[in-house]
Amino acid sequence: MIKQALSGLKVIEFGNFMSAPYCTKLMADMGAEVIKIEQPVTGDEAREYGPFPNGERHHEKSGLFLYLNTNKKGITLNVDTPEGQKIFNDLIKNADILVENNPPKRIADLGFDYPTLKQLNPRLIMTSITSFGQTGPYRDFKAYALNTAGMGGQTTRTGEFEREPITPPLSQSHYQSGAMAATATMGALFSRMSNGAGQHVDISETDVWATIHHGHGVHLGIFEGRKSIRAGHRTISVYPWCILPCKDGYMCLIAIQGYQWKRFLEAMGNPEWMKDERFQNRIVMAFQHADEADALVIALLLNYSKEELFDICRRNQITFAPVRDIAEVANDPHFKERGYFVEIDREHIGLLKYPGAPYQLSDTPWQLKSPAPTLGEHNEEVYCNQLGYKKRDLARMQKAGVI
Amino acid sequence: MVRYPLESFRVIDFSWVWAGPLLGEILADMGAEVIKVETNKRLDSARLTPGRSTEGPETDFIFHSINRNKLGVTIDMTTEKGFELIKELIRISDVALDNFSPKGLKRLGLDYEMLSEINPKLVQVSLPAAGQYGPLSDIVTYAPSLGALCGYSSMVGYPGERVLGEQTPYLDVTSSIHGAFAVLAALYSREQTGKGQRIDIAQIEVGASVIGEAFMEYFMNNKVLGTQGNRIRNMAPHNNYPCQGDSGWISIAIKTEEEWRNFCEATGNPQWATDERFKDVASRLKNQDELDKLVASWTKEHMDYEIMELLQKAGVAAIPCLDLTERFSNPHLESREAHLHVEHPATGMDIIAGIGFKYSDTPCEVRRPAPMLGQDNEYVIGELLGKSKEEIAQLVEEKVLY
């Protein structure tokens, strides 16, 4: 087996649902050894989320859980028992990284706060992903992905002007905070290489939205009074920047440069209306005549399927693209040639395709070595082989509700 | 003494516009020496956004925000001497970053075979729309096309209605964050192996990776998820609701039965909790349209922050949806330094994005504003590459440093 980029790195995940699991998935898929701690019996919430085969609920068959937990080892541990706390501490002593997404108050109550854990392992990097961060007036507020996206600025840009703003689909907030957490944790590893010390990495899901995603435009709001405008299928900037129907679906039309728009009209046979004085300046078009322009463009688009249009656009270097649905992407020859979707065999679920590598590293590639763990699958391996417990200890701890 | 996480690393950044520069920004915020290579012959179009850069290429706030902490050189690498300088920079760099198309990269002579020969320890990362190979690898796109091609946009719209699609550079930013992780993993690996490598990022594959749930649904059940609106599988209410007057929209999400009871109690509508239609999450999901109307009838009578305070006290997740200026004046975001005031020689003062991660011990901060064109030519060409003042003057004269 080819050595992977993060081989040898030991990570403990004390997380739940999406953000911390996505963070440690990125690490595990690059070769880190991730031990995922789950609550005995109930396990990770994502196990109850779905999608399930034929919609039938089963805690070993949730698609989201299977996707977010590839390449990890799974153990059960009840950290609310004294013995569970002791085991948690033993795991921490041997780890490089702890990733968690619990409310700050819960972590403090358990005695798993960074200053305490640092005493056990000064090299430990502890990464905490929360809705609002470890400081600030909203620190202990409750929020889900919907709420952090709303506060962080992602929501007010999407939807129709008069109707409710639309949050990004499928809980994007958690992917964003998870990916940022993985990146920031790597930074802390480099710090540790130079000074030998671990530290606490504080990831606020709201901050991730409000800064790297939406902090750049705030200046325009303050000094020029700009607002985030929801314009439905459009961005009001230059025309075209919109999504319009064609014969069999939707096309994404965007031309920042004038020549891109010209080439499109040319490819459509230079319709007479392009000479109309309303359509000479594309900024004026965007602000004043977008509805009229849409109607005329749609009339052209309806003559073609989206793949026919994509062909025309690619041949003429026009920057438009088809809006592909999930089935089309899953069967797209591009993704196929790059080996993006990978097939995994797993107990309870059998062979199934999953989304694969978000990036390709030439020498230490993304790899799928094992599917998501069943609940407590690696108890024996971790407790007996790594921490030195006997098999009869496991039976006793199970009875006592510790694991 | 090393203070910043990546202080000992040098990045040569050839990238443009959003995704590439933001990846460079993350590394720069962590303390890497990121050298942005530009040329007056063809400016980064982010310096020239219509409506923002009315006073020339040094005044675009967004450019300033996504390029802070970087050094700037102007080298015309299409000249022979310019290309030699690039090669010398590659020799002393740890990372080379670009978002050219595979063809463009070859044309400029920056393909990995060439660069790794000059510097085998180099990590080269490229993040074009569709990667270095595959049938789509030559496409030219803007951010919204990425959402269209990876399936993401097909899910953006009101449930059961037409596709509205992602209008923001959401997937560019997502690619930057993932890309930065891949670069740091490759650098970490280099500590063990001593070898650099090539990282090929297709932004549309990063896009597919953050909608994993939709693909799992398709592969499991052959079911294609369409426009999602504000719906989620396991929660109701789960929506953005209108507030009193013009005070905006409030996001409310309720997962547990306890939250639901608390919500009904706190809003003065205990009868909702016992209503057959809303008795458990399955019922609430089934009757979500009616439920949303009821919730909205209550939220419309109250101001956004007032609702937040009331419901948070009751343990219910309620947070206003904030616009640009509303975020700027939000006390929590202010305490988290989500926006920073930075002096810039051309504009006086910019408000730029804060840093999206915090360390307990190592500082991450804005150490310098975004570079003016060619601002660091002397340091980079003189000090790092050891050219004399006369040589530099000659290179300027010949429009190599341009």
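Conventions adopted
- Residues numbered from 1 in each chain as written.
- Chains lettered and ligands numbered in written order.
- Predicted model: local features only at pLDDT ≥ 70, side-chain atom pairs only at ≥ 80, totals over all residues.
- Helix = DSSP H or I, 4+ residues; strand = E, 2+ residues; numbered from the N terminus.
- Buried ≥ 20, exposed ≤ 12 C-beta atoms within 10 Å, placed from the backbone.
- Contact = placed C-beta atoms within 7 Å.
- Nonpolar A, V, L, I, M, F, W, Y, C, P; charged D, E, K, R; others polar.
- Pairing = 2+ DSSP bridges.
- Axes fitted to C-alpha atoms, helices over the stretch in contact; angles between N-to-C directions.
- Domains from an automatic or database assignment.
- Core = buried A, V, L, I, M, F, W, Y, C linked by C-beta atoms within 7 Å.
- Expected span 1.5 Å × (residues − 1).
- Arc of directions from axis to C-beta.
- pLDDT = per-residue confidence, 0-100.
- Parallel < 35°, antiparallel > 145°, perpendicular 65-115°, else oblique.
- Left-handed = near helix turned anticlockwise from the far one by under 90°.

## Brief notes about the overall build of chain A
Link 1 in the chain: A tally of regular secondary structure across chain A gives 17 helices and twelve strands.
Link 2 in the chain: Once the C-alpha set of chain A is aligned to its principal axes, its extents read approximately 85 × 50 × 45 Å.
Link 3 in the chain: In chain A, which comprises 403 residues, the proportion classed as buried is 55%.
Link 4 in the chain: For chain A, the share of sequence-separated contacts (at least 6 apart) that also reach a separation of at least 24 residues comes to 68%.

## Some remarks on the overall build of chain B
Link 1 in the chain: Each helix and strand in chain B was counted, giving 18 helices and twelve strands.
Link 2 in the chain: Across its three principal axes, chain B shows a C-alpha extent of roughly 85 × 50 × 40 Å.
Link 3 in the chain: Within chain B, contacts between residues at least 6 apart in sequence are counted, and of these 68% link residues at least 24 apart.

## Re unusual backbone geometry
Keep in mind that most residues, glycine aside, have a negative phi and that most peptide bonds are trans.
Residues and elements named next belong to chain A.
Link 1 in the chain: Here the residue pair Gly50 and Pro51 is connected by a cis peptide bond, since its omega of -5 degrees sits within 30 degrees of zero.
Link 2 in the chain: That bond from Tyr239 to Pro240 is cis: its omega, 0 degrees, falls within 30 degrees of zero.
Link 3 in the chain: Within the secondary structure, Pro240 is located in the loop between helix H9 (218-224) and strand E7 (241-246).
Link 4 in the chain: Residue Asn71 is not a glycine yet carries a positive backbone phi of 65 degrees.
Link 5 in the chain: One non-glycine residue, Leu170, lies in the positive phi region at around 60 degrees.

## Section: the interface of chain A and chain B
Link 1 in the chain: With 116 residues of chain A in contact, the opposing surface of chain B contributes 122 residues.
Link 2 in the chain: Looking at the side of chain A that touches chain B, the element that brings in the most residues is helix H7 (residues 172-195) of chain A, giving 16 residues.
Link 3 in the chain: Tallied by class, residues from the side of chain A that touches chain B come to 62 nonpolar, 40 polar and 14 charged.
Link 4 in the chain: Relative to strand E12 (residues 358-359) of chain B, strand E6 (residues 200-204) of chain A runs antiparallel, the two being bridged by two bridges. Residue pairing across strands places Asp202 of chain A opposite Lys358 of chain B, the latter belonging to E12 of chain B.

## Remarks on the sheet that holds strand E4 (residues 97-100) of chain A
Link 1 in the chain: An order of E3(A)-E2(A)-E1(A)-E4(A)-E5(A)-E6(A)-E12(B) is seen for the seven strands of this open sheet, with the pairing classed as mixed. Every other strand in the sheet has two partners, leaving strand E3 (72-76) of chain A together with E12 of chain B as the edge strands with one partner each.

## Side note on the environment of Tyr158 of chain B
All names here are of chain B.
Link 1 in the chain: Relative to the elements of secondary structure, Tyr158 occurs in the loop between helix H6 (143-149) and helix H7 (170-193).
Link 2 in the chain: Overall, Tyr158 belongs to the partly exposed group, with 18 C-beta atoms counted inside 10 Å.
Link 3 in the chain: Counting along the chain gives 71 residues from Tyr158 to Gly229, while the straight-line C-alpha distance between them is 4.2 Å.
Link 4 in the chain: Ignoring sequence-local partners within four residues, the contact set of Tyr158 consists of Thr227 and Gly229.

## A short note on the pairing of strand E11 (residues 350-355) of chain A
Residues and elements named next belong to chain A.
Link 1 in the chain: Where strand E10 (residues 341-346) and E11 come together, six bridges link them in antiparallel fashion. Its bridge partner being in E11, Val342 is matched across the sheet by Tyr354.
Link 2 in the chain: Counting the residues that bridge the hairpin from E10 to E11 gives three residues, and of these His348 lies at a positive phi of roughly 75 degrees.

## Notes on the sheet that holds strand E3 (residues 70-74) of chain B
Link 1 in the chain: Spatially, seven strands are ordered E12(A)-E6(B)-E5(B)-E4(B)-E1(B)-E2(B)-E3(B) in an open sheet, and the strand pairing comes out mixed. Each edge of the sheet is formed by a strand with only one pairing partner; in this case those strands are strand E12 (360-361) of chain A together with E3 of chain B.
Link 2 in the chain: The pairing of E12 of chain A with strand E6 (residues 198-200) of chain B spans two bridges and is antiparallel. Bridge pairing in E6 of chain B links Gln360 of chain A to Asp200 of chain B.
Link 3 in the chain: Contacting strand E1 (10-13), strand E2 (33-38), E3 and strand E4 (95-98) of chain B, helix H1 (residues 19-29) of chain B crosses the sheet at an angle of about 150 degrees to E4 of chain B.
Link 4 in the chain: With respect to the sheet, H7 of chain B is in contact with E12 of chain A together with E4, strand E5 (123-126) and E6 of chain B, its orientation differing from that of E5 of chain B by roughly 165 degrees.

## Here's the deal with the domain arrangement of chain B
Interface size is commonly expressed as the accessible surface area that is lost when the partners come together.
Link 1 in the chain: Entries for chain B in the domain assignment read domain 1 (10-210 + 335-397) and domain 2 (238-321).
Link 2 in the chain: Here the C-alpha centre of domain 2 of chain B lies 43 Å away from the C-alpha centre of domain 1 of chain B.

## Overview of the nonpolar core
Link 1 in the chain: Formed by 241 residues in total, the largest nonpolar core has its most connected members in Met251 and Phe320 of chain A together with Leu27, Phe181, Ala182, Val183 and Ala185 of chain B.
Link 2 in the chain: Ranked by the residues each element gives to this core, the list is headed by H7 of chain B, at 13 residues.
Link 3 in the chain: With residues near it in sequence (within four places) discarded, Val183 of chain B still touches Leu27, Val95, Val123, Val125 and Ile199 of chain B.

## Description of the pairing of E5 of chain B
Residue and element names in this part refer to chain B.
Link 1 in the chain: Of the two faces of E5, the one carrying Val123 and Val125 and the one carrying Gln124 and Ser126 are both buried.
Link 2 in the chain: For E4 and E5, the ladder comprises four bridges, and the chain directions are parallel. Opposite Leu97, over in E5, you have Val125 as the bridge partner.

## As for helix H12 (residues 290-301) of chain A
Residues and elements named next belong to chain A.
Link 1 in the chain: End to end, H12 covers 16 Å across twelve residues, agreeing with the expected 16 Å (1.5 Å per residue, within 8%).
Link 2 in the chain: Of all the residues in H12, the buried ones are Ala290, Ala293, Val297 and Leu301. Buried residues of H12, viewed axially, fall in a sector of 75 degrees; they line one side. Facing away from the buried surface of H12 by more than 90 degrees, the exposed residues are Asp291, Ala295 and Ala299.
Link 3 in the chain: On its buried face, H12 is in contact with E7, strand E8 (249-254), helix H11 (282-288) and helix H13 (306-315).

## Details of the domain arrangement of chain A
Link 1 in the chain: Looking at chain A, the domain boundaries give domain 1 (10-213 + 337-399) and domain 2 (241-324).
Link 2 in the chain: Put simply, the middle of domain 1 of chain A and the middle of domain 2 of chain A, counted by C-alpha atoms, are 43 Å apart.

## What to know about the confidence of the model for chain B
Link 1 in the chain: With 98% of its residues at a pLDDT of 70 or more, chain B has an overall mean of 95.
Link 2 in the chain: As scored by the predictor, the complex reaches a pTM of 0.98 and an ipTM of 0.98.

## Here we look at the environment of Asn281 of chain A
Residue and element names in this part refer to chain A.
Link 1 in the chain: Relative to the assigned elements, Asn281 resides in the loop between helix H10 (258-267) and H11.
Link 2 in the chain: We classify Asn281 as partly exposed; it has 15 C-beta atoms within 10 Å.
Link 3 in the chain: Sequence spacing of Asn281 and Tyr239 is 42 residues, and the spatial spacing of their C-alpha atoms is 8.8 Å.

## Notes on the packing of H7 of chain A against H7 of chain B
Link 1 in the chain: H7 of chain B packs onto H7 of chain A with a crossing angle of 30 degrees between their chain directions and a minimal axis gap of 9 Å. One finds that H7 of chain A runs roughly parallel with respect to H7 of chain B. Two packed elements cross with a definite hand, and for H7 of chain A against H7 of chain B that hand is left-handed. Mapping the contact onto sequence places Gln176, Ala179, Met180, Ala182, Thr183, Met186, Gly187, Leu189 and Met193 of chain A in H7 of chain A and Thr174, Ile177, His178, Ala180, Phe181, Leu184, Ala185, Tyr188 and Glu191 of chain B in H7 of chain B.
Link 2 in the chain: When its residues are assigned to classes, the contact of H7 of chain A with H7 of chain B shows twelve nonpolar, five polar and one charged.

## A word on helix H17 (residues 377-384) of chain B
Residue and element names in this part refer to chain B.
Link 1 in the chain: Three or more residues of H17 are buried, namely Asn377, Val380 and Ile381. One side of H17 carries all its buried residues, which in axial view fall inside an arc of 95 degrees.
Link 2 in the chain: Contacts from the buried residues of H17 go to E2, E3, helix H3 (80-91) and helix H18 (389-397).
Link 3 in the chain: Looking one or two residues past H17, Gly386 carries a phi angle of roughly 70 degrees, positive in sign.

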